[in-house]
Amino acid sequence: MKIAVCSDHGGYELKTKLMPFIEELGHEVTDFGCFSSESVDYPDFAFPMAEAVADGRFERGIAICGTGIGVSICCNKVCGVRCALCGDVLSAELTRRHNDSNVLAMGGRIIGVETAKAITRVWLSTDFEGGRHLKRIDKIAAYPRKEG
């Protein structure tokens, strides 16, 4: 699977530890930045990464900032992205099974590396169940986008 990743300075360290792990799981990873721990603005990286997922260049994306909140807000502004902020394995599993999330957000200052790896492993390996959940995803996709 082709995975796009991004972070800001608050998620940079976790991102650098997750990328080789994702590759070890057999996925292709592309880094959308940032590329150091110097202070940056997370929208500058979250929006391009989310757009790349939304337009189909990547099957999924992972966004990391200090808390995961900022990047998740940005990613969910992009039409076609269903970003889930996860801090535990069960949430990661259920957001794939029930919500067909295509972007995972995590907080680099909130969770440790091993927890992030466990979340990532489950999120990448869990399929969408479809069925009764599909009509909900369709309703989300059909909701009219309002400017502003």
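Here goes a summary of the coordinates provided. Predicted, not measured: the structure shown is a model, and the values here were computed from it. (Residues numbered from 1 in each chain as written. Predicted model: local features only at pLDDT ≥ 70, side-chain atom pairs only at ≥ 80, totals over all residues. Heavy atoms only, no water.)

**Considering the pairing of strand β2 (residues 28–31)**
Moving residue by residue along a regular strand, the side chains alternate between the two faces of the sheet. Direction of pairing for strand β1 (residues 2–7) relative to β2: parallel, over a ladder of 4 bridges. Paired with I3 across the strands is V29, a residue of β2. In terms of handedness, the path from β1 via helix α1 (residues 12–24) over to β2 forms a crossover that is right-handed. (Pairing = 2+ DSSP bridges. Helix = DSSP H or I, 4+ residues; strand = E, 2+ residues; numbered from the N terminus. Right-handed = clockwise from strand over helix to strand, strands pointing away.)

**Digging into the environment of D8**
Mapping D8 onto the fold places it in the loop between β1 and α1. Residues D8 and V71 lie 63 residues apart in sequence; the distance between their C-alpha atoms is 8.6 Å. In this structure the side chain of D8 is engaged in a polar contact, spanning 2.8 Å, whose partner is the backbone nitrogen of G10. (Polar contact = N/O pair within 3.5 Å; in protein donor to acceptor, adjacent residues only side chain to side chain.)

**Some words on the pattern of salt bridges**
Considering all chains together, one arrives at 8 salt bridges under this definition. One salt bridge in this structure joins K15 and D31, with 2.8 Å as the shortest N-O distance. With K15 in helix α1 and D31 in strand β2, this residue pair connects regions lying 16 residues apart in the sequence. Put simply, D100 and R82 hold a salt bridge, and the shortest N to O gap is 3.3 Å. Of this pair, D100 sits in the loop between α4 (89–99) and β5 (103–107) while R82 is found in the loop between α3 (69–76) and β4 (83–85), placing the two residues 18 residues apart along the sequence. (Salt bridge = Lys/Arg side-chain N within 4 Å of Asp/Glu carboxyl O.)

**Points about the sheet that holds β2**
The sheet built from 5 strands is open, its strands ordered β2-β1-β3-β5-β4 with parallel pairing. Each having just a single partner strand, β2 and β4 make up the two edges of the open sheet. Strand-to-strand, the axes of this sheet are offset by a mean angle of 20°, without reference to chain direction. Across the sheet, helix α5 (residues 113–125) is in contact with β1, β3 (60–65) and β5; its angle to β5 comes to roughly 170°. (Axes fitted to C-alpha atoms, helices over the stretch in contact; angles between N-to-C directions. Contact = heavy atoms within 4.5 Å.)

**With respect to the side chain of T120**
Tracing the backbone shows T120 in helix α5. Look at T120 and you get buried, because its relative accessible area is 0%. Residues in contact with T120, not counting those within four places in the same chain, are L18, F21, I22, I62, L104 and M106. (Buried < 20%, exposed > 50% of the residue type's maximum accessible area, 1.4 Å probe, protein only.)

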